[in-house]
Amino acid sequence: MTEGYDLTGKRVYVAGHRGMVGGAIVRRLARENCEVLTAGRETLDLLDQRAVRDWFAVERPDVVILAAAKVGGILANDTWPADFLYDNLMIEANVIEASHRSDVGRLLFLGSSCIYPKLARQPITEDALLTGPLEPTNEWYAVAKIAGIKLAQAYRRQHGRDYISAMPTNLYGPGDNFDLKGSHVLPALIRKAHEAKMQGQSGLDIWGTGTPRREFLHVDDLADACVFLLKTYSENEHVNVGFGDDVTILEVARMVMAVVGLDGEVRTDPTKPDGTPRKLMDAGKLRGMGWAPRIGLYEGITDAYRWFLETGGAARGMAR
Ligand code: GFB
C-alpha cells in the first residue's frame, strides 16, 4: 500500500480522454489539485512508438492513466479480432515503455473483467487469472489486456516502477458508444428502446437468450475508483473494480424499457451469441480498502439515457 500518494501539483496524463472511461476520469480529476494532460489522436497516435516516445519526452507527465483502448461489445470483438489484439497490444506496449523511459513514477493500467477464464468460479477473485480457457467471443481483447497487466508487473519487477492495474466490470454511462454494431449491451438497448418508442412500437429486441448474467458499473464510479487506487494502492496484483451484484440480460432489458418508457415484451434472438454465461467479479479486495460504488443500476441507466437524449445519441466511434 502506498500511504497517501499525493496527486497535488502532479502532471497526470489521461490516455484515451475522448473515450467513455478517459472522459469520466478527466471529469473526476478536476476535483483533484493536479494538472491533467491529454492528447487527441490527431496530435498523438498511440500506435506509433516513435511518436509516443517523443510526446512523453516533451510533456514529461508524473502520472499516467492508461484508459486508451480499442473497445466494443460481443459483435465488435468477433468482427475485428486483429484490431482488438494488435491495437491494444501496441497501445499498452508503447505507453508503458515510454512511461518508463521518461521516468513516469506512477501508472494505472485499465483492463477488463474478460481477462478471467470463461468458467471461473463466481464471484471471480483476482487470483483466477490464467487458471483456465478464455471466453472465445472476446479472447483477442482478453489476451491483450492480460499482456497489459503483465507489462505493468514486469516494469515493476525489472525496473522498480510503481505501475498498477485495475480490472473494471462491464461499464456504461455518459460518453458510451451507441453504434449498434460496435456497442456493448446497455447502450444498444437504450438506443433500441428509444427508437422503438419514437416509432410508436412496443417491445424490445435483444440478442441471445437473455439468460446471461452481467455486472454493470457506472463509469463515474469507475473513475472515482481509479483516483482512489492511484492514491492508495501500490502492489503487484491487479484489483477488480466491480459493482458487487449482477442481473440477467432480460432483467436489464426490462429496466431499460422502464427508464425509456417503452411498453411491451422483451423478444430474444437465440441465433445471436450469448457470450460468457456469467462474470460477476469479487469486489472484496477494493471494498476492503474502503472504496464502494455509489450509483445504482436504475439511477445509472437514467443518467446514461439523459446523456443520450442531450447529445442526440450520435452513433459514436470506437473510443481510444
Ligand atoms: O455487452 P456485450 O456486447 O458484451 O453483451 P459481453 C452482453 C450480453 O448482452 C450478451 C447480450 O449476452 C449479448 O448477447 N445482448 C443482448 C446484446 N442484446 C444486445 C445488443 O443489442 N447488443 C449487444 N452488444 N449485446 C464484452 C466483451 O462481453 O464485455 C468485451 O466482448 C469486454 O471484450 C466487455 O470484455 C466488458 O459482456 O458479452
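Now for a description of the structure that goes with this document. Source: prediction; values computed, not measured.

Rules used in this analysis
- Residues numbered from 1 in each chain as written.
- Predicted model: local features only at pLDDT ≥ 70, side-chain atom pairs only at ≥ 80, totals over all residues.
- Heavy atoms only, no water.
- Phe/Tyr/Trp six-rings, centres within 6.5 Å; stacked < 30°, edge-to-face > 60°.
- Helix = DSSP H or I, 4+ residues; strand = E, 2+ residues; numbered from the N terminus.
- Buried < 20%, exposed > 50% of the residue type's maximum accessible area, 1.4 Å probe, protein only.
- Lys NZ or Arg CZ within 6 Å of the ring centre and 35° of its normal.
- Core = buried A, V, L, I, M, F, W, Y, C linked by side-chain atoms within 4.5 Å.
- Contact = heavy atoms within 4.5 Å.
- Polar contact = N/O pair within 3.5 Å; in protein donor to acceptor, adjacent residues only side chain to side chain.

1. What to know about the packing of aromatic side chains
Under the counting rule described, the total for this entry stands at 8 aromatic pairs. An angle of 50 degrees between the planes, with centres 4.8 Å apart, marks the rings of F178 and F308 as tilted. Of this pair, F178 sits in the loop between β6 (170-172) and α6 (185-198) while F308 is found in helix α10 (residues 297-310), placing the two residues 130 residues apart along the sequence. Its relative accessible area of 1% is what places F178 among the buried residues. Aromatic ring contacts, followed pair by pair, group F178, Y305, W307 and F308 into a single cluster. A cation over an aromatic ring shows up here: K10 above the ring of Y5, its NZ or CZ 4.8 Å from the ring centre. The aromatic ring of Y5 is capped on one face by R106, whose charged end is 5.0 Å from the ring centroid.

2. Things to note about the nonpolar core
Counting residues in hydrophobic clusters, the biggest one holds 38 residues, and the most contacted among them are Y13, L46, F56 and L66. Elements supplying a minimum of two residues to this core: β1 (11-15), α2 (49-59), β3 (63-66), α4 (81-101), β4 (106-110), α5 (139-159) and β5 (162-168). Examining the composition of this core, we find that 6 residues originate from one element, α5, more than from any other. Apart from the residues within four sequence positions on either side, L46 is in contact with Y13, A15, V52, A68, M90, I91, N94 and V95. Core analysis: the next-biggest nonpolar cluster, separate from the first, contains 34 residues, L7, I65, A225 and W291 among them.

3. Some remarks on the side chain of D246
Tracing the backbone through its elements, the reader meets D246 in the loop between β10 (239-241) and β11 (247-248). One polar contact links D246 to R213, side chain to side chain, over a distance of 3.1 Å. For D246, the side chain forms a polar contact with the side chain of R278, separated by 2.8 Å. Those residues in contact with D246 that lie beyond four places of it in its chain are R213, R214, E215, R278 and L280.

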